[in-house]
Amino acid sequence: MGEPVTPRQYSLVRFRFDVLPPEFHNRYPFTPDGVYVFFGDIPNMPGHCVVADHKTGRIYSGYHTESFAELPPDE
């Protein structure tokens, strides 16, 4: 699978449920079909980022950057 790639700032991303055990899936506020805007890493919290729900605008912060993958251009 290789090193996780940090999404570009303001790119559309999805939460990567594939990197979590299924028993942890319901502990996150994200949905498998949800689309989020990646605002970037938090400088004071290396490895953590800020994202916003594309539909609602709700902001989420402090989640692991590697848990998000940028959407391909055709999605």
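Going by the structure above, here's the rest.
Read on for a plain summary of the structure. The structure displayed is predicted, hence computed values, not measured ones. For every chain, the first residue of the written sequence is number 1, and numbering continues from 1 along that sequence. pLDDT decides what is reported in this predicted model: residues at 70 or higher carry local features, side-chain atom pairs at 80 or more are listed and counted, and totals for whole chains, interfaces and linings draw on all residues regardless. To get the side-chain values, all heavy atoms of the structure are used, and hydrogens and water are removed first.

**Notes on the pattern of salt bridges**
Where charged atoms from two side chains of opposite charge come close, those side chains can pair.
Then, in step 1: A pairing counts as a salt bridge when a side-chain nitrogen of Lys or Arg comes within 4 Å of a carboxyl oxygen of Asp or Glu. In total, this model carries three salt bridges according to the counting rule given.
Then, in step 2: Across the pair Arg-8 and Glu-70 runs a salt bridge whose closest N-O atoms are separated by 2.4 Å. Here the residue Arg-8 occupies a position in the segment before strand 1 (12-15), and Glu-70 occupies one in strand 5 (residues 68-70), the gap between them amounting to 62 residues.
Then, in step 3: According to the relative accessible area criterion, Arg-8 is exposed, its value standing at 58%.
Then, in step 4: Think of it in three bands: residues with accessible area under 20% of the maximum for their type are buried, residues over 50% are exposed, and the middle band is partly exposed, with areas taken using a 1.4 Å probe on protein chains only. Overall, Glu-70 belongs to the partly exposed group, its relative accessible area being 27%.
Then, in step 5: Measuring nitrogen to oxygen at the nearest pair gives 3.1 Å for the salt bridge that ties Asp-18 to Arg-16.
Then, in step 6: Look at Asp-18 and you get exposed, because its relative accessible area is 53%. Only DSSP runs of H or I covering at least 4 residues are called helices, and only runs of E covering at least 2 are called strands; the numbering of each starts at the N terminus.

**Focus on the nonpolar core**
Then, in step 1: Within this scheme, the nonpolar core is defined by two criteria: the residues are buried Ala, Val, Leu, Ile, Met, Phe, Trp, Tyr or Cys, and they are joined through side-chain atoms within 4.5 Å. If you look at the biggest cluster of nonpolar residues, it comprises eleven residues: Val-13, Phe-15, Phe-17, Leu-20, Phe-30, Tyr-36, Phe-38, Cys-49, Val-51, Tyr-60 and Phe-68.
Then, in step 2: Put simply, the parts of the chain that give this core at least two residues each are strand 1, strand 2 (36-42) and strand 3 (45-53).

**What about the pairing of strand 2?**
Then, in step 1: Burial of strand 2 is extensive: five of the seven residues sit out of reach of the surface.
Then, in step 2: A pair of strands is labelled paired if DSSP reports no fewer than 2 bridges between them. Note that strand 1 and strand 2 share two bridges and pair antiparallel. Among the inter-strand pairings, Leu-12 is bridged to a residue of strand 2, identified as Val-37.
Then, in step 3: Two strands pair when backbone bridges link them, and strand 2 and strand 3 are joined in this way by six bridges, in the antiparallel orientation. Paired with Phe-38 across the strands is Val-51, a residue of strand 3.
Then, in step 4: Where strand 2 hands over to strand 3, the hairpin turn is made up of two residues, counted between the paired strands.

**Remarks on unusual backbone geometry**
Then, in step 1: In the Ramachandran plot, Tyr-10 falls in the positive-phi region, its phi being about 70° despite a non-glycine side chain.
Then, in step 2: Tracing the sequence through the fold places Tyr-10 in the segment before strand 1.
Then, in step 3: By relative accessible area, which is 55% here, Tyr-10 ends up exposed.

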